[in-house]
Amino acid sequence: MNAIAPDSSHQNELKQQLRQLESIAALSGGIAHDYNNLLTAIMGNLSLALETMDADAEVTPLIENALAASRIAKTLTRTLITFSKGGLPAKTPTDIVRLVKNTAAFSLSGSNIRCEMVPASGIWPALVDAQQVGQAIHNLMINAAESMPSGGTVSIRFGNTTLDSPNTTLPPGNYVHIAIEDHGFGISIKNIDKIFDPYFSTKGKGEQKGTGLGLSISHSIIAKHGGKITVHSRVGVGSTFHILLPASDPSAKIEPPKKETKTAAQPEKAISGRGKILVMDDEVMILELAGNMLQHLGYEVDFAEEGETAVHKYKSALASSAPYDAVILDLTIKGGMGGEDTIRQLKEIDPSVKAIVSSGYSENPVVANYADYGFCDVVAKPYEMVEFSQKLHRVVNAL
Ligand SMILES: Nc1ncnc2c1ncn2[C@@H]1O[C@H](COP(=O)(O)OP(=O)(O)OP(=O)(O)O)[C@@H](O)[C@H]1O
Ligand SMILES: [Mg+2]
């Protein structure tokens, strides 16, 4: 039994539902952004509190629990931001075999499911936003695992495909084909046309209940990349999801995978430092947080609520005997000049300016390729004390 999305019989209905979902996503994206700022204040202050108090104080485990919960909230917000990011994946030539392999290992870790990668060589790089496509693959892996509650194997195969016939729904060109096959309970004829619908779920009730958003998110991500996802399934035998993603030129330079920022428990200590730091952010609570963190670490700190003030302050400090040692710039400033324009102007004034970009949009091209824009590093919001202090120390001391 085959279901092909988005060409199935109820294509229009599906499209309309996806449009609705996308407008909800756009709204929740805005909320997620504000929420991310709040979370920065929550996590930042909790981590600062942990730094400042006695390790064996009675309240320490309570603060640690609150911090652990906010790390989960951070993951949820990230999912929401990824999904709501609208039409613009930040695409780079990516080693898709490696991306799928790493994602599958992460998705299935700790489960009773084995992943078998059918060896393939010469697979073209795909032109994708690794974080988004990773999310799409993750959702498929979780579904595959859930379809085999007593364990089993998921097989993943890759291939290169060239579409040249004009009667395919995709533009002619080179594509990478990924097939993810499980041997789970399969999908019934009654349901197969609905599985990509937002909120369609056959998963139980209570805590195990599914949101029914997993596949619609995967579908939306693949579609945004100019690709296609289809499924072939037989009840009692299993399901295979086929994905086609546009290939990039095989000779293109492949971006090394970005190191994950630490979200798990952070045993390391914050690093103190010295120097004068200018922080620019349009959220007063973030300025306050960064100010408290920096002062605790031993830095002198100054603030700007938008880019023009930051440039002005930087210029006068440079002309004085006490220039800034580093600046931390928020990427998006409501109603004012943001980080991208600010760094451009600062570079003109002082080509050796040391700047860190700070943003909740980790997939934003400026964040993803920060060095191309003149930044030395990036701190993703929400950040915690240890990571913040380490990055700043490296940048100020040009390590
Ligand atoms: N590999 C699979 N095997 C069997 N059924 C599947 C598989 N993948 C998806 N389905 C069916 O499609 C439905 C929708 O999947 P989707 O991932 O969108 O939501 P969900 O898994 O139910 O919920 P969530 O992803 O939020 O946990 C599932 O409830 C299930 O019925
Ligand atoms: Mg799911």
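Computed from a prediction, not measured in an experiment: that's the story for all the values here.

Here is what the cut-offs are and how they apply
Residues numbered from 1 in each chain as written. Chains lettered and ligands numbered in written order. Predicted model: local features only at pLDDT ≥ 70, side-chain atom pairs only at ≥ 80, totals over all residues. Helix = DSSP H or I, 4+ residues; strand = E, 2+ residues; numbered from the N terminus. Buried ≥ 20, exposed ≤ 12 C-beta atoms within 10 Å, placed from the backbone. Contact = placed C-beta atoms within 7 Å. Core = buried A, V, L, I, M, F, W, Y, C linked by C-beta atoms within 7 Å. Expected span 1.5 Å × (residues − 1). Arc of directions from axis to C-beta. Near = placed C-beta within 6 Å. Nonpolar A, V, L, I, M, F, W, Y, C, P; charged D, E, K, R; others polar. pLDDT = per-residue confidence, 0-100. Pairing = 2+ DSSP bridges. Right-handed = clockwise from strand over helix to strand, strands pointing away. Axes fitted to C-alpha atoms, helices over the stretch in contact; angles between N-to-C directions. Parallel < 35°, antiparallel > 145°, perpendicular 65-115°, else oblique. Left-handed = near helix turned anticlockwise from the far one by under 90°.

Describe the overall build of the protein, with residues and values.
The helix and strand inventory of the protein stands at 11 helices and 13 strands. Taken across its 399 residues, the protein has 38% of its residues classed as buried. In the protein, of all internal contacts separated by at least 6 residues, the share reaching a separation of at least 24 is 73%.

I'd like to hear about the nonpolar core, residue by residue, with values.
L278, A326, V327, I328, A355, I356 and V357 are the most contacted members of the largest nonpolar core, which has 43 residues in total. For this core, the leading source of residues is helix α7 (residues 284–297), giving 6 residues. Beyond its immediate sequence surroundings of up to four residues, A355 is in contact with A326, V327, L329, I343, L346, G374, F375 and C376. With 41 residues, the next largest nonpolar core counts A104, W124, V154 and I243 among its residues.

A description of α7 should follow, citing residues and the corresponding values.
Under the 1.5 Å per step criterion, the end-to-end length of α7 is 20 Å for 14 residues, consistent within 8% with the ideal 20 Å. Of the residues making up α7, those classed as buried are I286, L289, A290, M293, L294 and L297. Buried residues of α7, seen end-on, are gathered within an arc of 125° and therefore sit on one face of the element. Exposed residues on α7 whose side chains face more than 90 degrees from its buried face are V284 and Q295.

Which residues make up unusual backbone geometry, and what values do they have?
Residue K381 is joined to P382 through a cis peptide bond whose omega torsion reads -5°. Relative to the helices and strands, P382 is located in the loop between β13 (377–380) and α11 (385–396).

Please give an account of the site of ligand 1 that cites residues and values.
Close contacts around ligand 1 come from 23 residues, with N143, S201, G210, G214 and L215 the closest. At the level of secondary structure, the elements contributing two or more residues to the shell around ligand 1 comprise α4 (130–146) and α6 (214–224). Classifying every residue of the shell around ligand 1 gives 7 nonpolar, 14 polar and 2 charged.

So, the confidence of the model for the protein: which residues are in play, and what are the values?
The predicted model of the protein has a mean per-residue pLDDT of 87, with 88% of residues at 70 or higher. By mean pLDDT, strand β1 (residues 2–5) is the weakest element of the protein at 50, and strand β9 (residues 276–280) is the strongest at 98. Long-range and interchain partners of residues 259–266, a stretch whose pLDDT sits below 50, account for 7 contacts in this model, where long-range means more than four residues apart.

Quick rundown of helix α3 (residues 96–108)? Include the residues and the values.
For α3, with 13 residues, the first-to-last C-alpha span of 18 Å sits near the 18 Å given by 1.5 Å per residue. Every buried residue of α3 is accounted for by I96, V97, L99, V100, A104 and S107. Here the buried residues of α3 occupy an arc of 160° about the axis, which is enough to place them on one side. Just beyond α3, the residue with positive phi is G110, at close to 80°.

Go over the pairing of strand β8 (residues 238–246) with me, naming the residues and quoting the values.
Sheet topology places strand β6 (residues 173–181) next to β8; 7 bridges connect them, and they run antiparallel. In the sheet register, Y175 faces β8, and the bridge partner there is P246. Examined bridge by bridge, strand β7 (residues 228–234) and β8 share 7 bridges and lie antiparallel to one another. Following the sheet pairing, T230 is matched in β8 by H242.

Which residues make up the environment of V279, and what are the values?
Within the secondary structure layout, V279 lies in strand β9. A C-alpha to C-alpha distance of 7.9 Å links V279 and G291, two positions 12 residues apart in sequence. Not counting chain neighbours up to four residues away, the residues in contact with V279 comprise L287, A290, G291, V301, F303 and I328.

Just give me the short version of the pairing of strand β10 (residues 300–304), but keep the residues and values in it.
Pairing analysis gives 5 bridges linking β9 to β10, with the strands arranged parallel. Across the sheet, M280 pairs through a bridge with A304, a residue of β10. For the segment spanning β9, α7 and β10, crossover handedness is right-handed.

Which residues make up the sheet that holds strand β11 (residues 326–330), and what values do they have?
Read from one edge of the open sheet, 5 strands run β10-β9-β11-β12-β13, paired in parallel fashion. The open sheet has two edge strands, β10 and β13, and neither has a second partner. Across this sheet, the average inter-strand angle for adjacent strands is 20°, counted without regard to direction. Sheet topology note: the β11/strand β12 (residues 355–359) ladder contains 4 bridges and is parallel. Bridged to I328 within β12 is I356. Most of the contacts of helix α8 (residues 307–319) go to β9, to which it runs at about 160°, and overall it touches β9, β10 and β11.

Quick rundown of the packing of α3 against α4? Include the residues and the values.
Here α3 crosses α4 at 45°, and the two axes come no closer than 9 Å. When the interaxial angle is binned, α3 and α4 end up oblique. Here α3 runs over α4; the crossing is right-handed. Facing L99, V100, T103, A104, S107 and L108 of α3, the residues of α4 in contact are A130, V133, G134, I137, H138, M141, I142 and A145. Of the residues contributing to the contact of α3 with α4, the split by class is 10 nonpolar, 4 polar and no charged.

Describe in detail the environment of S150, supporting the description with residues and values.
Position of S150 among the secondary structure elements: in the loop between α4 and β5 (152–163). Separated by 38 residues in sequence, S150 and N112 place their C-alpha atoms 7.4 Å apart.

Describe the packing of α8 against helix α9 (residues 339–349), naming the residues involved and giving the relevant values.
The N-to-C vectors of α8 and α9 enclose an angle of 20°; their axes lie 9 Å apart at closest approach. Considering the angle they form, α8 stands roughly parallel to α9. In this structure, α8 meets α9 at a crossing whose hand is right-handed. Residue-level contacts link G307, A310, V311, Y314, K315 and L318 of α8 to D341, T342, Q345, L346 and I349 of α9.

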